[in-house]
Amino acid sequence: MIVKNDQLSFISGLKEFEILVKQESPLWAYNLRKESLDRFAKRGLPTVKEEEWKYTNVASLKEHQFQIASDSSKMAQLKELKAYYRKEEINLVFINGVFSEELSNLKKLPKGLKVADVNDAALYSQKEAAFVLQRYPQDQDDSFIALNKAFLYRVAFVQIDPKTVIKPLIHIIHVTDAVKSSVSSFPRSLIMLGKSAEAQVMESHLSFSDDTYLTNALSDIVLDQDAKLVYCKAQGESKNAFHIGTTRVWQERDSQLDSFSLMTGGKITRNNLNIVLNGSGAHATLNGLYLINGNQHVDNHTAVDHRPPNCTSTQLYKGILYDAARAVFNGKIFVKKEAQQTNSYQLNKNLLLGPDCRVDTKPQLEIFADDVKCTHGATIGQLNEDEIFYLQTRCIPKSQAVEMLARGFVDDILNRIADESIVAKLNKLLAEYFQD
Amino acid sequence: MVKPIQENELVNREYKYGFVTDIEVEPFPKGLSEKVIKMISEKKSEPDFMLEWRLKAYRHWKTLKEPKWPNFKYGPIDYQAISYYSAPKKKTNLKSLDEVDKELLNTFERLGIPLTEQKRLTGVAVDAVFDSVSVGTTHQGELAKAGVIFCSMSEAISHHPELIKKYLGSVVPHSDNFFAALNSAVFSDGSFCYIPKGVRCPLELSTYFRINAADSGQFERTLIIAEDDSYVSYLEGCTAPSRDQNQLHAAVVELVAMNNAEIKYSTVQNWYSGDKNGNGGIYNFVTKRGKCIGTNSKISWTQVEAGAAITWKYPSVILQGDNSVGKFYSVALTNNRMQADTGTKMIHIGKNTKSTIVSKGISTDYSNNNYRGLVKIMPTAHGARNFSQCDSMLVGNNCSANTFPYIEVKNSSAVLEHEASTSKISAEQMFYLRSRGLDLEGAVSLIINGFCKEVFKELPLEFSVEAIKLLEMKLEGSVG
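Here the structure is a predicted model, which means the values were calculated and not measured. (Residues numbered from 1 in each chain as written. Chains lettered and ligands numbered in written order. Predicted model: local features only at pLDDT ≥ 70, side-chain atom pairs only at ≥ 80, totals over all residues. Heavy atoms only, no water.)

Moving on to the overall build of chain B. When you go through chain B residue by residue, the secondary structure sums to 11 helices and 24 strands. Put simply, 83% of the contacts in chain B that link residues at least 6 apart link residues at least 24 apart. Working note: accessible area of chain B is about 18500 Å², and carbon and sulfur atoms make up 50% of it. (Helix = DSSP H or I, 4+ residues; strand = E, 2+ residues; numbered from the N terminus. Contact = heavy atoms within 4.5 Å. Areas by Shrake-Rupley, 256 points an atom, 1.4 Å probe, with all protein chains shown as cover.)

Let us look at the packing of aromatic side chains. Scanning the model with the defined rule gives 27 aromatic pairs over all chains in all. On the numbers, 5.3 Å between centres and 65 degrees between planes, the contact of Phe17 of chain A with Phe151 of chain A is edge-to-face. Here Phe151 of chain A lies in the loop between helix H5 (143-150) and strand E6 (155-160) and Phe17 of chain A lies in helix H1 (residues 14-22), a separation of 134 residues in the sequence. You can call Phe17 of chain A buried: its relative accessible area is 4%. Assessed through its relative accessible area of 2%, Phe151 of chain A is described here as buried. Considering the side-chain rings of Phe17 of chain A and Tyr153 of chain A, the 6.4 Å spacing of their centres and the 75 degrees angle between planes classify their relative orientation as edge-to-face. Placement of the pair is Phe17 of chain A in helix H1 and Tyr153 of chain A in the loop between H5 and E6, with a sequence separation of 136 residues. A network of ring pairs unites the aromatic residues Tyr58, Trp61, Trp69, Tyr79, Phe178, Phe179, Tyr283, Phe285, Trp312 and Tyr314 of chain B as a single cluster. Seen from the ring of Phe409 of chain A, Lys318 of chain A lies directly overhead, with NZ or CZ sitting 4.2 Å from the centre. (Phe/Tyr/Trp six-rings, centres within 6.5 Å; stacked < 30°, edge-to-face > 60°. Buried < 20%, exposed > 50% of the residue type's maximum accessible area, 1.4 Å probe, protein only. Lys NZ or Arg CZ within 6 Å of the ring centre and 35° of its normal.)

It is worth spelling out the domain arrangement of chain A at this point. Residue and element names in this part refer to chain A. The assigned domain composition of chain A is domain 1 (6-279) and domain 2 (384-436). Interface area, domain 1 with domain 2, both sides summed: about 1400 Å², of which 69% is carbon and sulfur. Joining domain 1 to domain 2, the criterion identifies two salt bridges. A salt bridge links Lys425 to Glu89; the nearest nitrogen and oxygen atoms lie 2.9 Å apart. Here domain 1 is connected to domain 2 by five residue pairs in polar contact (both at pLDDT 80 or more). Secondary-structure elements contributing two or more residues to the side of domain 1 that touches domain 2 are strand E10 (198-206), strand E12 (228-236) and strand E14 (256-263). Of the residues assigned to the side of domain 1 that touches domain 2, the class counts are 10 nonpolar, four polar and three charged. (Domains from an automatic or database assignment. Buried area = accessible area lost by both parts, 1.4 Å probe. Salt bridge = Lys/Arg side-chain N within 4 Å of Asp/Glu carboxyl O. Polar contact = N/O pair within 3.5 Å; in protein donor to acceptor, adjacent residues only side chain to side chain. Nonpolar A, V, L, I, M, F, W, Y, C, P; charged D, E, K, R; others polar.)

On to the nonpolar core. Ile160, Ile170, Leu193, Leu229 and Leu321 of chain A together with Val409 of chain B are the most contacted members of the largest nonpolar core, which totals 84 residues. By residue number, the principal contributor to this core is strand E16 (residues 283-292) of chain A, which donates four residues. Apart from the residues lying within four places of it in its own chain, the contact partners of Leu229 of chain A are Leu193, Ala199, Val201, Ile221, Leu223, Gln256, Leu257 and Asp258 of chain A. In terms of nonpolar packing, the next biggest core, distinct from the first, is built from 41 residues, Leu169, Met202, Ile320 and Leu383 of chain A among them. (Core = buried A, V, L, I, M, F, W, Y, C linked by side-chain atoms within 4.5 Å.)

Our next topic: empty space enclosed by the protein. Residues and elements named next belong to chain A. Under the defined criterion, the tally for this structure stands at six cavities of 30 Å³ or more. Roughly 110 Å³ of volume is contained in the largest cavity. Around the largest cavity, the lining comprises 13 residues; the ones closest to its centre are Ala69, Gly97, Phe151, Tyr153 and Phe186. The class makeup of the residues in the lining of the largest cavity is eight nonpolar, four polar and one charged. (1 Å grid on protein atoms, 1.4 Å probe; cavity = no way out; pocket = protein on both sides within 12 Å on 5 of 7 lines; lining within 4 Å. Points joined across faces, edges and corners; volume = space filled by probe spheres on them.)

Let's shift gears to the side chain of His174 of chain B. Considering the arrangement of structural elements, one finds His174 of chain B in the loop between helix H7 (161-167) and helix H8 (178-186). If sequence neighbours within four positions are ignored, His174 of chain B has contacts with Lys56, Ala57, His60, Ala180, Ala181 and Ser184 of chain B.

Three or four residues apart is the spacing at which side chains of an α-helix point the same way, because the helix has 3.6 residues per turn. All names here are of chain A. Taking 1.5 Å of rise per residue, 17 residues should cover 24 Å, and helix H7 (residues 398-414) covers 24 Å from first to last C-alpha, within 8% of that figure. Every buried residue belonging to H7 is among Ala401, Leu405, Ala406, Arg407, Phe409, Val410, Ile413 and Leu414, and all of these are buried. Residues of H7 that are buried in the fold lie against E14, E16, strand E18 (312-321), strand E20 (343-352), helix H6 (385-393) and helix H8 (420-429). (Expected span 1.5 Å × (residues − 1).)

Time to look at H8 of chain B. All names here are of chain B. Most of H8 is tucked away, with nine of its nine residues classed as buried. Within H8, the full set of buried residues consists of Phe178, Phe179, Ala180, Ala181, Leu182, Asn183, Ser184, Ala185 and Val186. A distance of 2.9 Å separates the backbone nitrogen of Phe179 from a side-chain oxygen at the start of H8, and that oxygen is part of Asn177.

Further remarks concern the side chain of Arg289 of chain B. All names here are of chain B. Looking at the element boundaries, Arg289 is found in strand E13 (residues 281-292). Residue class for Arg289 comes out buried when judged on its relative accessible area of 10%. A polar atom in the side chain of Arg289 sits 3.3 Å from the backbone oxygen of Val171. Here Asp176 takes part through its side chain, which lies 2.8 Å from a polar atom of the side chain of Arg289. If near-sequence neighbours (up to four positions away) are discounted, Arg289 is found in contact with Val171, Val172, Pro173, Asp176, Val253, Glu254, Leu255, Trp301, Ser316, Ile318 and Lys345.

All names here are of chain A. For the structure shown, the criterion picks out 30 salt bridges over all chains. Between Arg307 and Asp305 there is a salt bridge, and its shortest N-O distance comes to 3.0 Å. Given a relative accessible area of 31%, Arg307 falls into the partly exposed group. Judged by relative accessible area, which is 8%, Asp305 ranks as buried.

Taken together, the contact pairs 30 residues of chain B with 35 residues of chain A. Interface area, chain B with chain A, both sides summed: about 2600 Å², of which 45% is carbon and sulfur. Considering only the side of chain B, the residues that lose the most area to chain A are Asn397, Tyr406 and Ser412 of chain B, jointly responsible for 21% of the buried surface there. Here chain B and chain A share zero salt bridges between them. Between chain B and chain A we count 21 residue pairs in polar contact (both at pLDDT 80 or more) in total. For the side of chain B that touches chain A, the secondary-structure elements that each account for two or more residues are strand E23 (400-409) and strand E24 (415-423) of chain B. Considering every element that reaches the side of chain B that touches chain A, the biggest residue donor is E23 of chain B, with 10 residues. Considering only residue class, the side of chain B that touches chain A consists of 12 nonpolar, 13 polar and five charged. Judged from the seven bridges that link them, strand E22 (residues 373-381) of chain A and E24 of chain B form a sheet pairing that is antiparallel. From the neighbouring strand, Thr375 of chain A faces E24 of chain B, where its bridge partner is Ser421 of chain B. (Pairing = 2+ DSSP bridges.)

Given below as structure tokens:
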């Protein structure tokens, strides 16, 4: 089935993967993989000549061989994982892309919540078809979405029944630990909230090593009428890893999304967040933070598509760059002709604390309706000299003063997250930068 | 009681400058080939180096493809169906403006351009370009006294070849882009201006461009050189007759500023923009770029873009000298089915370079208005500073306004701010003004004027008045 071709030269273990999935896959999954693989083979890896990838070069992927991971038994650092793990929360743990039953706690789930790694293929197929496929035509999948689907194996699946409020945090944890060689994993999640349902979902991508590996994630979120979701994506991959992820959110009438993304690991990171506001009265908050040092590269792409009238969206992305780190931000806001009374706000703030940082930012507005209020802004700068001087006159050493001010810059956005457990987890990922 | 608006009267108001001058011209056969380029060069009795330069550009152009990235739609352009040279027929060599064809002078009279003696009191030196050639430059005597050279490009090529050799193509090389290459190969005329060291140009310099002939393209080239400690303010205006076919205008403007020099370049562009169904109009594909070579030099672009079916134009500044300053002020108004993709590029190379961008877009009817800008801070540009602001206003529900700002920072000491907003004229604002007795048009005009004020105040006075009038005229009938 999988024909090895040039485009896929950076992935190995295709044969083993084929044998693995054949045992349990239904026909639809087989077809989906095949179609997606063809699509990827046709497109290949994106190059910097493409507008969407102008500032992020993924050509170096080809210098590696990423083994498709299929074995989770050799997980070593469980202790570190515990720090991100609370018993009273609902945890789904994936090790190298494979579901780990003993690490997850899915025994006593609240009523109205279905959480599964999808061995339950029938359920998944039905939902995938009903909720995702019809909303996102396959032929519009970009290279990495196609690549993710081509290696569909396990899916983190969260479904909340209408009018159900789930209090505890649902935490999907992806840990990569390349014990043998460079591995690649293709995490897939599907989060669906029924009418007037409410929940908090966090997706963490972690590693406790400094291995080189590839994570290519795809998350789909569907919010039905009046549903409310708090969603947080935390990326604390190894500093040598590639992380390429896409989160797609579909929002119906009066639904509310409160999303946050933290990108701090990875050598090259690309994170797409695409939101479609499909019912009037819907609101989306997109907040993001990135702290990077060394030669790390983080690329955040957001797209908010305002389709019906009376929707609102606000975006605030903040980042601190140390050493020779490089950040990219591209935020698109589309306001379609029918989307009158849209109110949309976007701001990207960058703090350059290293000597050789680079920032490429491109906020973008495309507006086809006249009765709208849209603003966007971007700033790039350094810490205020006067503020540092003030702290120094209070006997605070300069390095500490810089840290305090940077902390303030970060807290401004972290404080917008209501859930303390999420904040605590994010702070753990930032421990490298702040000695609290 | 507010007088009701005669809708028909307003909507059907036509492009004021759409008349055609009936004048004998000598057009070239249509099409582009090395032969045509040789003919152009021969016609203008150019030195050999120019011909070679043109041919080099042409050969490069043949390897290029028309850019497809701008955000607009138009049919394919047949570059072989354009006549690359068209000039009013001259009988003999002209000694003074009195000998210029009456018809031609009348044309500029109708356009309100002071070419003739009695109007020279206005204090603006004008170079008028009709189709492919310059027909007359005023005030040359007075300028010569100050040491300023202001003449047509052809004249400059024959009289000042050393300056041309040194500076032509130094800011926009022939290989820069598709349209710049085309222009380098076939450019026919344009204005040349040289301000010597320490001279503050005593007059405002101005060029007026007019496309008259059908099926011809206009490819003019402007070069302004400001030596150390000099200053010049330069204005540019454009119109064309109303025709059903699209005509191509691919100009190149190069500015060079040395130590402490300052160049102010203002444009009021009012090419024919096509009728309300989008037939006809000028394709305005222009490459404008200034280079601040010297320290403390300053270049500012101010533009009012109110015409042309398609505008593709990014006046840029390369800030190479330390402490140099680049400024860009723009108002772009689109109506009917006009499409504009315009903005600026600020390339910071020198230390402590500063740039300011203020762009105002107004979009009405079925038009499409884009701001596309680039601010690039190179690793050498320590302490670079940029402030950008781009605001859009939408009038009506069938137009669109887009912003594509690119910000690329490769130096950690840079400070940049960018802000953009999109809004409409609010019902409250309108109600307030109407309750004070302003009619609909008056109220809209007042609000638009306030919206664009920051840019208008950068224009020289006469132009500022003209620009306000122009916007008022264009907006008539599109509101309400």
